Protein chains: 2
Amino acid sequence: MSLDTNTEWYSEIHDPNGAAFSLRVKAKLHEEKTPFQTIAIYDTEGFGRLMTIDGLVMLTDRDNFIYHEMMSHPVLFTHPNPKRVLVIGGGDCGTLREVLRHPGVEVAHQVEIDERVTRLAEEYFPLLCESNGDPRAELLFEDGIRWVKEAEAGYYDVIIIDSTDPVGPAEGLFGEAFYHDAIRALGTHGLLVQQSESPLYHMHLLTDIHKALRRSGFADVQSLHFPQPVYPSGWWSCTMACKDAAFSGFREQAARERPFATRYYNADLHRGATALPTYMQEAFAALKG
Amino acid sequence: MSLDTNTEWYSEIHDPNGAAFSLRVKAKLHEEKTPFQTIAIYDTEGFGRLMTIDGLVMLTDRDNFIYHEMMSHPVLFTHPNPKRVLVIGGGDCGTLREVLRHPGVEVAHQVEIDERVTRLAEEYFPLLCESNGDPRAELLFEDGIRWVKEAEAGYYDVIIIDSTDPVGPAEGLFGEAFYHDAIRALGTHGLLVQQSESPLYHMHLLTDIHKALRRSGFADVQSLHFPQPVYPSGWWSCTMACKDAAFSGFREQAARERPFATRYYNADLHRGATALPTYMQEAFAALKG
């Protein structure tokens, strides 16, 4: 069967795996070339609005809740008392919105290199940006790598790296030099979490991230997995690292009694997301050798 | 971006959601029309061999392990002592292979309506069929609905419904009349498990399955979720039902000490797969009203 040609499709080809994901498009609403990348917004038939960067799916209205909830709530319920949170990337503001649901958070800095991502999210994904006016939030349009390098030592409790794939502007966010700076910027019990691609397609990258985080001095590293239908393979992961201690569960009671609604996240699901497939367990165990 | 036209793609369009998944094809190895359906086999660039039925992806070499392990091991480690297992559908024999890994299983009947599915699996997916000669296995090519209706009362410990989507020949496997017959064919503590489609695309079907299973007399119903990259949305589910008791965990110790290797399944992951997203919990809770 081929894609019908009497309607328009947006397709993302994942070349190394000979696979593609397509969404039927009602209209292209916007396209622009920024100093960093090309951003496009589409209206799709079944997924609401779609934002792409350099031809790759960033998010859709329909399923972004899974990713945004999993990039924020597990790490925030793992830290004992997160007050100062840094989001690197995340220009669509969906992760920031979830972070701000936590009443204990006092400061949330979002450092996105490309202001146009946020301005377009404000226009085309207003729900994701509904907390941008929160007095605890500060939207900064800077290079996240430099921001972390220059951050006050020990300032942040949690750093969330909500970036694009590790090519182009985001590449430096997946390396030891950056992780060293992140450790310095984190306080006691500080945690980092990073989107870490597909468990089916990118195990090599996942093990590289684990290795680099450990070599940089993080005391423990743990990946979580979750569905993300519009990303390559429909299956995604994030990887948490703890500055100074081994992971030993999370604040389950607080997660159960969270004073805000979620659509994907809950305490049992949090624990479930840390239960990795056997082949992933084996790959990570082999690193510790 | 469009699919390049200088290579051949196999595409499955999921029309109600305006989405499509495509695999780049090196060659079509086989195609035939049986009395029931059209079966095709492709060699793909990144997923090994692919079998489709009536244009829909059934399985690929690369990721079928997730589905087959999740259709077999959770239900078999939930039943206290499964000896007699019935697989309905499952003509590729991958679920049967996993069932036969359990040393306690004494009888495994596979009832597939279309013998050609199995004959083509033997030819093109030989690994999945490697246990077909096991003396405990019996391959029957019959209508699964009639088979269950005519089965000896109380004979089976576990019934696994490894069918295609609930249209065409499989439609009758998703209804109360069939579930009634299944209850009769199940012994004390008997369990049924059924593939139950995508949590993103098919929540209506999932709640319908829950309702029908309960109305038919099953004492408890529980869904599990797992990634399945080649199925629509890349996210899939199965639904278990217990004939006469509420679910209360599974044989965790036995799952930990299982005398066989798995690539996806393990005891922690089993529990994780039962931890449902909040929106699914809410949809199922509303049914109990």
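Points about the overall build of chain A
And then number 1: A count of helices and strands for chain A gives 9 helices and 12 strands.
And then number 2: Taken against the 2.2 N^0.38 rule, which gives 19 Å for 289 residues, the C-alpha radius of gyration of chain A at 18 Å falls within 12% of a compact globule.
And then number 3: Counting every position in chain A, which comprises 289 residues, the buried fraction comes to 53%.
And then number 4: For chain A, the share of sequence-separated contacts (at least 6 apart) that also reach a separation of at least 24 residues comes to 66%.

Digging into the packing of helix α8 (residues 267-274) of chain A against helix α8 (residues 267-274) of chain B
And then number 1: For the pair α8(A) and α8(B), the least separation of the axes is 8 Å and the interaxial angle reads 145°. Relative to α8(B), α8(A) is oriented so that their crossing is left-handed. Along the contact surface, α8(A) presents A:Arg271, A:Gly272 and A:Ala273, while α8(B) presents B:Arg271, B:Gly272 and B:Ala273.
And then number 2: Residues belonging to the contact of α8(A) with α8(B) are distributed by class as follows: 2 nonpolar, 2 polar and 2 charged.

What to know about the nonpolar core
And then number 1: By size, the foremost hydrophobic cluster in this structure holds 178 residues, and its most contacted members are A:Met70, A:Ile159, A:Ile160, B:Met70, B:Ile159 and B:Ile160.
And then number 2: Apart from the residues lying within four places of it in its own chain, the contact partners of A:Ile160 are A:Met71, A:Ser72, A:Val75, A:Val85, A:Leu86, A:Val87, A:Ile88, A:Gly90, A:Thr95 and A:Val193.

Points about the pairing of strand β12 (residues 235-242) of chain B
And then number 1: Here β12(B) lies mainly inside the structure; 8 of its 8 residues are buried.
And then number 2: The alternating pattern of β12(B) places B:Trp235, B:Ser237, B:Thr239 and B:Ala241 on one face and B:Trp236, B:Cys238, B:Met240 and B:Cys242 on the opposite face, and all of these are buried.

Details of the sheet that holds strand β11 (residues 220-227) of chain A
Residues and elements named next belong to chain A.
And then number 1: Strand order in the open sheet formed by 7 strands is β8-β7-β6-β9-β10-β12-β11, with mixed pairing between adjacent strands. Here the strands that pair on one side only, and so sit at the sheet edges, are β8 (137-140) and β11. Each neighbouring strand pair of the sheet contributes to a mean axis angle of 15°, computed without reference to strand direction.
And then number 2: As judged from the 8 bridges shared by β11 and strand β12 (residues 235-242), these two strands associate in the antiparallel manner. Bridging across to β12, His225 finds its partner in Ser237.
And then number 3: Set on the sheet, helix α6 (residues 203-216) makes contact with β10 (186-195), β11 and β12; between it and β12 the angle comes to about 10°.

Side note on the sheet that holds strand β6 (residues 84-89) of chain B
Residue and element names in this part refer to chain B.
And then number 1: Pairing is mixed in the open sheet, where 7 strands are placed in the order β8-β7-β6-β9-β10-β12-β11. Looking at strand neighbours, the two that pair on one side only are β8 (137-140) and β11 (220-227), the edges of this open sheet. Averaged over neighbouring strand pairs, the angle between their axes works out to 15° when direction is ignored.
And then number 2: Strands β9 (156-162), β10 (186-195), β11 and β12 of the sheet are contacted by helix α1 (residues 64-78), whose axis makes an angle of about 160° with β9.
And then number 3: Where helix α6 (residues 203-216) meets the sheet, its contacts fall on β10, β11 and β12, and the angle it forms with β12 comes to roughly 10°.

Concerning the interface of chain A and chain B
And then number 1: Residue-level contacts link 42 residues of chain A with 42 residues of chain B.
And then number 2: Of all the secondary-structure elements, those providing two or more residues to the side of chain A that touches chain B are β1 (8-14), β2 (19-33), α8 and α9 (278-288) of chain A.
And then number 3: At 6 residues, the largest contribution of residues to the side of chain A that touches chain B is made by β2(A).
And then number 4: With 5 bridges connecting them, β2(A) and strand β2 (residues 19-33) of chain B associate as antiparallel partners. In the strand pairing of β2(B), A:Ser22 is matched with B:Ala20.

Let's talk about the relation of the copies chain A and chain B
And then number 1: Aligned on chain B, chain A shows an RMSD of 0.0 Å; the corresponding rotation is 180° and the shift along the axis is 0.0 Å. On this basis, the relationship between the two copies can be described by a two-fold rotation axis. Closest approach to the rotation axis within chain A is made by the C-alpha atom of A:Gly272, at a distance of 1.7 Å.
And then number 2: The share of interface residues of chain A whose copies in chain B are also at the interface is 100%, consistent with both copies meeting through the same surface.

Digging into the environment of B:Arg251
Residues and elements named next belong to chain B.
And then number 1: Looking at the element boundaries, Arg251 is found in the loop between β12 and α7 (252-256).
And then number 2: In this structure Arg251 comes out as partly exposed when scored by C-beta crowding, with 18 C-beta atoms within 10 Å.
And then number 3: The spacing of Arg251 and Phe77 is 174 residues in sequence and 5.3 Å in space, taken between C-alpha atoms.

Details of the domain arrangement of chain A
All names here are of chain A.
And then number 1: When the domains of chain A are assigned, the result is domain 1 (8-60) and domain 2 (64-288).
And then number 2: Breaking the side of domain 1 that touches domain 2 down by element, the ones donating at least two residues are β2, β3 (38-44), β4 (49-53) and β5 (56-60).
And then number 3: Among the residues making up the side of domain 1 that touches domain 2, the classes are represented as 13 nonpolar, 6 polar and 2 charged.

A short note on the packing of helix α5 (residues 176-185) of chain A against α6(A)
Residues and elements named next belong to chain A.
And then number 1: Look at α5 against α6: their axes get within 9 Å of each other, and the N-to-C directions meet at 50°. Classified by the angle their axes make, α5 and α6 are oblique. As α5 packs across α6, the resulting crossing turns out to be right-handed. Counted together, Glu176, Tyr179, His180 and Ile183 of α5 and Ala212, Leu213, Arg215 and Ser216 of α6 form the full contact between these two elements.

As for helix α3 (residues 115-124) of chain A
The periodicity of an α-helix, 3.6 residues per turn, causes residues three or four positions apart to be oriented the same way.
Residues and elements named next belong to chain A.
And then number 1: Of all the residues in α3, the buried ones are Val117, Thr118, Leu120, Ala121 and Tyr124. What you see down the axis of α3 is that its buried residues fit within an arc of 165°, all on one side.
And then number 2: Tucked into the core, α3 has its buried residues touching β2, β3, β4 and β8.

Comments concerning the confidence of the model for chain A
And then number 1: When pLDDT is averaged across chain A, the result is 96; 99% of the residues are at 70 or more.
And then number 2: In the predicted assembly, ipTM is 0.96 and pTM is 0.97.

Details of unusual backbone geometry
And then number 1: Residues other than glycine seldom take positive phi values, yet A:Ser233 does so here, at roughly 80°.
And then number 2: Exposure remark for A:Ser233: the 26 C-beta atoms within 10 Å place this residue in the buried category.
And then number 3: One non-glycine residue, B:Cys93, lies in positive phi territory at about 75°.
And then number 4: Here B:Cys93 shows up in the loop between β6 and α2 (94-99).

Let's talk about the environment of B:Gly154
Residue and element names in this part refer to chain B.
And then number 1: Tracing the chain through its elements places Gly154 in the loop between α4 (144-150) and β9.
And then number 2: Separated by 32 residues in sequence, Gly154 and Leu186 have C-alpha atoms that sit 4.5 Å apart.
And then number 3: Ignoring anything within four residues of it in the chain, the contact list for Gly154 reads Leu186 and Gly187.

Comments concerning the environment of A:Tyr264
And then number 1: The topology assignment puts A:Tyr264 in the loop between α7 (252-256) and α8.
And then number 2: Overall, A:Tyr264 belongs to the buried group, with 22 C-beta atoms counted inside 10 Å.
And then number 3: Sequence spacing of A:Tyr264 and A:His68 is 196 residues, and the spatial spacing of their C-alpha atoms is 9.5 Å.
And then number 4: Every residue in contact with A:Tyr264, bar those within four places of it in the chain, is listed here: A:Phe65, A:Ile66, A:Glu69, A:Met70, B:Pro277 and B:Thr278.

Rules of the game
Residues numbered from 1 in each chain as written. Chains lettered and ligands numbered in written order. Predicted model: local features only at pLDDT ≥ 70, side-chain atom pairs only at ≥ 80, totals over all residues. Helix = DSSP H or I, 4+ residues; strand = E, 2+ residues; numbered from the N terminus. Rg over C-alpha atoms; globule rule 2.2 N^0.38 Å. Buried ≥ 20, exposed ≤ 12 C-beta atoms within 10 Å, placed from the backbone. Contact = placed C-beta atoms within 7 Å. Axes fitted to C-alpha atoms, helices over the stretch in contact; angles between N-to-C directions. Left-handed = near helix turned anticlockwise from the far one by under 90°. Nonpolar A, V, L, I, M, F, W, Y, C, P; charged D, E, K, R; others polar. Core = buried A, V, L, I, M, F, W, Y, C linked by C-beta atoms within 7 Å. Pairing = 2+ DSSP bridges. Least-squares fit on C-alpha atoms with pLDDT ≥ 70 in both. Domains from an automatic or database assignment. Parallel < 35°, antiparallel > 145°, perpendicular 65-115°, else oblique. Arc of directions from axis to C-beta. pLDDT = per-residue confidence, 0-100.

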